[in-house]
Amino acid sequence: MMRLPFTQIDAFADGAFTGNPAAVMFLERWLPDSVLQGIAADNNLSETAFLVAHDGAEADFELRWFAPKLEVALCGHATLASGHVVLDALPDLPLARFLTRQAGLLTVARDGDGLAMRLPALPANRPVTQAEESAVSAALGTLPVEVWARGHDYLVAVFDSPDEVRSLQPDFAAILALAPGVDLMLIATAPGEDSDVLSRVFVPACGVDEDPVTGSAHAVIAPLWAARFGRPQFSAAQASVRGGRLGCRVEGDAVILSGKARTVIRGEYDLPDAALNG
């Protein structure tokens with residue numbers, strides 16, 4: 001039996017029962033992908049972050065993220081959660097550095113009573129076709145003002161008011177049909193009321209119909225809203241059931257997301273030897 005310690009963190013949390021839960025698990029070495037995926041499915045959170053100590057000078061840890069159904073290329077809230085765990089354990093460390101397979105080097109630093117995380121900016125700057133816009137409208141049940149795309153992985157539906165975003169009743173099967181075989185993220189966003197921007201995020205391909213608070217989504221929409229506001233910095237909120245808040249700042253080809261994180265569970269995961277051998 002292999003016993004793996006884990007910590008569950010609420011990332012971008014305002015208080016109890018808010019933010020996006022992520023499990024953070026430190027490994028001595030990388031386990032088979034099927035094992036990591038099985039653990040993430042057992043955890044049944046938006047993401048489980050796995051970390052292995054890095055032996056190079058450029059980073060402290062190697063970092064991978066697994067949703068319940070698949071490994072993802074970038075996850076903001078589980079990176080913030082990983083930084084929270086590392087910096088909490090190492091109070092003299094000013095910055096936690098994570099080397100990732102597809103998103104490069106990510107960092108989490110102390111920021112007052114919260115944390116500041118640097119992610120790559122992923123601007124959604126491709127206008128979609130009329131057919132794509134119609135499909136997005138049907139999936140969300142209402143017509144956005146605009147729809148923008150980032151590659152094949154991200155779609156951004158822009159609305160005029162936060163009430164329109166809050167009242168959306170998405171068809172998750174229709175969202176899956178927008179990009180079959182792709183772990184598509186559909187972001188609905190509008191100007192906010194008690195924040196500059198309000199959003200909701202849907203990722204049913206990953207096993208998460210609606211994500212509570214999504215760092216990577218704000219790496220996509222931050223350049224869009226910064227350009228429209230005419231300033232690099234703004235506040236953001238995500239209108240999920242749990243809800244959460246972020247500060248967003250665009251710095252060249254990076255987005256700095258700030259927020260709070262809190263530890264809610266500490267425990268151990270028992271991995272049977274048969275899981276490694278089978």
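Residues numbered from 1 in each chain as written. Predicted model: local features only at pLDDT ≥ 70, side-chain atom pairs only at ≥ 80, totals over all residues. Heavy atoms only, no water.

**Notes on the pairing of strand β14 (residues 208-211)**
Relative to β14, strand β13 (residues 197-203) runs antiparallel, the two sharing 3 bridges. Across the sheet, the residue bridging to V201 is D211, located in β14. With antiparallel pairing between neighbouring strands as the criterion, β13 and β14 make up a hairpin whose turn holds 4 residues, including G207 at a positive phi of roughly 90 degrees. (Pairing = 2+ DSSP bridges. Helix = DSSP H or I, 4+ residues; strand = E, 2+ residues; numbered from the N terminus.)

**As for the pattern of salt bridges**
In this structure the tally under the stated criterion is 18 salt bridges. For the salt bridge of R245 with D14, the shortest nitrogen-to-oxygen distance reads 3.5 Å. In this pair, R245 sits in strand β16 (residues 244-251) while D14 sits in the loop between β1 (2-11) and β2 (20-27), placing the two residues 231 residues apart along the sequence. On the accessibility criterion, R245 (32% relative accessible area) is partly exposed. Note that R126 is salt-bridged to E132, the shortest N-O span being 3.4 Å. A relative accessible area of 30% places E132 in the partly exposed class. A single salt-bridge network, built from bridges that share partners, covers R3, E268 and D270. (Salt bridge = Lys/Arg side-chain N within 4 Å of Asp/Glu carboxyl O. Buried < 20%, exposed > 50% of the residue type's maximum accessible area, 1.4 Å probe, protein only.)

**Details of the pairing of strand β17 (residues 254-259)**
In summary, the side chains of a regular strand alternate between the two faces of the sheet. Burial of β17 is extensive: 5 of the 6 residues sit out of reach of the surface. As judged from the 6 bridges shared by strand β8 (residues 114-120) and β17, these two strands associate in the antiparallel manner. Note on β17: the bridge partner recorded for R118 is I256. A loop of 2 residues connects β16 with β17, the two strands running antiparallel in sequence, and G252 in this loop sits at a positive phi of about 60 degrees.

**Description of the environment of P204**
If you trace the backbone, P204 turns up in the loop between β13 and β14. Judged by relative accessible area, P204 falls into the buried class, the value being 4%. Sequence separation of P204 and N20 is 184 residues, and the distance between their C-alpha atoms is 16 Å.

**Some points on the environment of S258**
Within the element layout of this structure, S258 appears in strand β17. Taking the C-alpha atoms as reference points, S258 and G104, 154 residues apart in sequence, are found 19 Å from one another. Sequence-distant contacts of S258, defined by excluding residues within four places in its chain, comprise F12, D111, L115, A116, R245, L246 and G247. (Contact = heavy atoms within 4.5 Å.)

**Considerations on helix α3 (residues 130-140)**
Those residues of α3 lying buried are V136, S137, A139 and L140. Summarising the axial view, the buried residues of α3 lie within an arc of 165 degrees, below the 170-degree limit, and thus occupy one face. Away from its buried face by more than 90 degrees, α3 exposes Q130, A131 and A138. In this structure, the buried residues of α3 make contact with β10 (146-150), β11 (154-158), α5 (172-178), β12 (185-191) and β13. At the C-terminal side of α3, G141 shows a positive phi close to 85 degrees. (Arc of directions from axis to C-beta.)

**Overview of the packing of aromatic side chains**
In this structure the tally under the stated criterion is 6 aromatic pairs. On the basis of an interplanar angle of 80 degrees and a centroid distance of 5.8 Å, the ring pair of F50 and F66 is categorised as edge-to-face. Note that F50 is positioned in strand β3 (residues 47-53) and F66 in strand β4 (residues 61-66), a separation of 16 residues in sequence. For F66, a relative accessible area of 2% gives the class buried. Arranged with centres 5.5 Å apart and planes meeting at 25 degrees, the rings of W225 and F229 form a pair that is stacked. Taken together, the positions of W225 and F229, both in helix α6 (residues 215-229) and 4 residues apart, correspond to about one turn of that helix. Three or more aromatic residues link up through ring pairs in this structure, and these residues are F26, F61 and F98. (Phe/Tyr/Trp six-rings, centres within 6.5 Å; stacked < 30°, edge-to-face > 60°.)

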